[in-house]
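Each chain is listed here by its residues.
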Amino acid sequence: MTAKPLSSSRVLAITGAGISAESGIPTFRGPGGYWRNFDPAKLATESAFRANPALVWEWYRERRAGIRRATPNPAHVALVELASHAGEFLLLTQNVDDLHARAEWNGQHLPDAQRVQIHGDIFVSRCTRCDYQRREVTADADSAPIPCCPECSSALRPGVVWFGESLPCAALGRMDEFLGRGPCDLTLVIGTSALFGYIVDWATRGVDAGGELIEINPEPSPVSAFATTRLRGAAASLFPRWVAERRDS
Ligand code: OAD
C-alpha cells in the first residue's frame, strides 16, 4: 500500500499510559503498573470515594506530584511534529496527565482543539454536588485530606473517569464530530492495552475504510490483529524515527 502524503491525510492518534512510561509515569497493567499493586475497586470507583475519600485523594495527590515532576518524552514531542505535518489531526488520549499538552516541537504545542482527554484530567478538582471545578496544575490549592467546594462546601473529587462512570459527553461529542467528517487515512495506536471496546472501535474505523493502522507497543493488544504495521518496542525511540521517515517520504 502506498501511503497518502501526510499533508493531505486525516490522522487520528490514540494514546495510553505506555506513551508516558518513559517519562517515569507508571502504567496501569504493566510491570510496576498501578493495577498490579492496588485494587482499582478501592481507588478508582465512586463507591471507593464515598467509602474513603481521604485515601482516594492521597493516591491522586501522589500521582499529581509525580506528573508535575515528569517531562514529556520524545514520543510526546513526535506527536506534535506529526500533527504539524498532517492535513487534519486529532489526539484521543486515555491519559489523565498533561504531558501531551506540555510537549513542544519547533516552538509549537498541540492546540486544545486537537486534544481529547477521554478519561478526564487529573489536575481538575470538581465538586461532587455543584458545577464548581478548578485546575490545579502547579500545586494543590487545598491540602486538607478531603478538599471542600468553596461554593457549596461539599467534597471535591478528582476530575477523572472512574470505573462504572460514563465517558464525558463533550469529549465523546468531539470524537464523533471528527470521525463523522470522514474516515481517517492514518490511525496510530500508541502505548495502550486497548482493553476497552470503544478504543478498539475508534482505532479500527479508519482501517475498515482502507486507511493505515499503526500500532506502537512492545506487547500485542486487541488492536494488533487489525494493524497494517506493528512496531514492537518503546514509543520514545520507535515513534520519532517513524515520524521522521514518514515526513521525508
Ligand atoms: P495499560 O497499563 O493498560 O497499558 C499500557 C500499555 O502500554 C501496554 O500495552 C504496554 O505494553 C504498553 N507500553 C508499556 N511501555 C511502553 C512504552 N515504553 N512504549 C509504548 N508502549 C508501552 O494502560 P492504558 O491502556 O492506558 O482508565 O489503560 C487504559 C485505561 O485503563 C487507563 O486510562 C485507566 C486504566 O484503568 C481510567 O483511569 C478510566
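Residues numbered from 1 in each chain as written. Predicted model: local features only at pLDDT ≥ 70, side-chain atom pairs only at ≥ 80, totals over all residues. Heavy atoms only, no water.

## A short note on the overall build of the protein chain
Counted only if it meets this: Each helix is a run of H or I in the DSSP string that is no shorter than four residues. Each strand is a run of E no shorter than two, and both are numbered from the N terminus. Under the scheme applied here, a residue whose accessible area is under 20% of the maximum for its type counts as buried, over 50% as exposed, and between as partly exposed, the area being computed with a 1.4 Å probe on protein chains only. The contact criterion used is simple: two residues touch if any of their non-hydrogen atoms lie within 4.5 Å. Every accessible area reported is derived by Shrake-Rupley at a probe size of 1.4 Å, with residue values counting cover from the shown protein chains alone. Counted as positive: Lys and Arg. Counted as negative: Asp and Glu, with His and the chain ends omitted from the count. Throughout, a charge is located at the NZ atom of Lys, the CZ atom of Arg, the CG atom of Asp or the CD atom of Glu.
When its secondary structure is counted, the protein chain shows ten helices and nine strands. Its C-alpha atoms give the protein chain principal-axis dimensions of about 60 × 35 × 35 Å. Residues counted as buried form 50% of the 249 residues belonging to the protein chain. Of the contacts formed within the protein chain by residues at least 6 apart in sequence, a portion of 69% connects residues at least 24 apart. Of the roughly 11,400 Å² of accessible surface on the protein chain, 53% is carried by carbon and sulfur atoms. Measuring between centres, the 26 positive side-chain charges of the protein chain sit 2 Å from its 28 negative side-chain charges.

## Focus on the state of the cysteines
The line we're drawing: Put simply, a disulfide is two cysteine sulfurs that come within 2.5 Å.
Going through the model one piece at a time under the given rule, you end up with zero disulfides. The closest cysteine sulfur to the non-disulfide-bonded cysteine 130 is located on cysteine 149, 3.7 Å from its own sulfur. The thiol of cysteine 152 is unpaired, and the distance to the nearest cysteine sulfur, on cysteine 127, comes to 3.5 Å. Since its relative accessible area comes to 25%, cysteine 152 is described here as partly exposed.

## Focus on the sheet that holds strand β6 (residues 156–160)
The pairing of strands in a sheet comes from backbone hydrogen bonds and takes either a parallel or an antiparallel form. Operational definition: Strand pairing follows a simple DSSP-based rule, namely that at least 2 bridges must link the two strands. Lines are fitted to the C-alpha atoms to define the axes, a helix being fitted only along its stretch in contact, and any angle between axes, read from their N-to-C directions, falls within 0 to 180 degrees.
Pairing is antiparallel across the open sheet formed by three strands, whose spatial order is β5-β4-β6. The two strands at the open ends of the sheet, each matched to only one other strand, are β5 (133–135) and β6. Neighbour to neighbour, the strand axes of the sheet diverge by 35° on average, direction disregarded. Pairing of strand β4 (residues 120–127) with β5 involves three bridges; the strand directions are antiparallel. Counterpart to arginine 126 in the pairing with β5 is glutamine 133. Of the strands in this sheet, β4 and β6 are in contact with helix α5 (residues 53–69), which crosses β4 at around 135°.

## Considering the site of the ligand
We count it as follows: Near is defined per residue: the residue qualifies when any heavy atom it owns lies within 4 Å of the molecule or strand. N or O atoms within 3.5 Å of each other form a polar contact, as long as, within protein, one can give a hydrogen and the other can take it, and as long as residues adjacent in sequence are counted only when both atoms are side-chain atoms. Cavities and pockets are found on a 1 Å grid laid over the protein atoms alone: a cavity is a set of points where a 1.4 Å probe fits but cannot escape, a pocket is an open set with protein on both sides within 12 Å along at least five of seven lines, and a lining residue has an atom within 4 Å of such a point. Throughout, a molecule is located in a cavity or pocket provided that more than half of its atoms lie within 2 Å of its grid points.
Among the 22 residues in the neighbourhood of the ligand, the closest are listed as Glu22, Arg29, Thr192, Ser193 and Asn217. In this structure, tryptophan 35 approaches the ligand through a side-chain N or O atom, which is 2.9 Å from an oxygen atom. Separating an oxygen atom of the ligand from a backbone N or O atom of glycine 191 is a distance of 3.2 Å. Summarising the interface, the protein chains cover 89% of the accessible area of the ligand, which totals 790 Å² for the free molecule. Most atoms of the ligand, that is more than half of them, are within 2 Å of grid points of the largest pocket.

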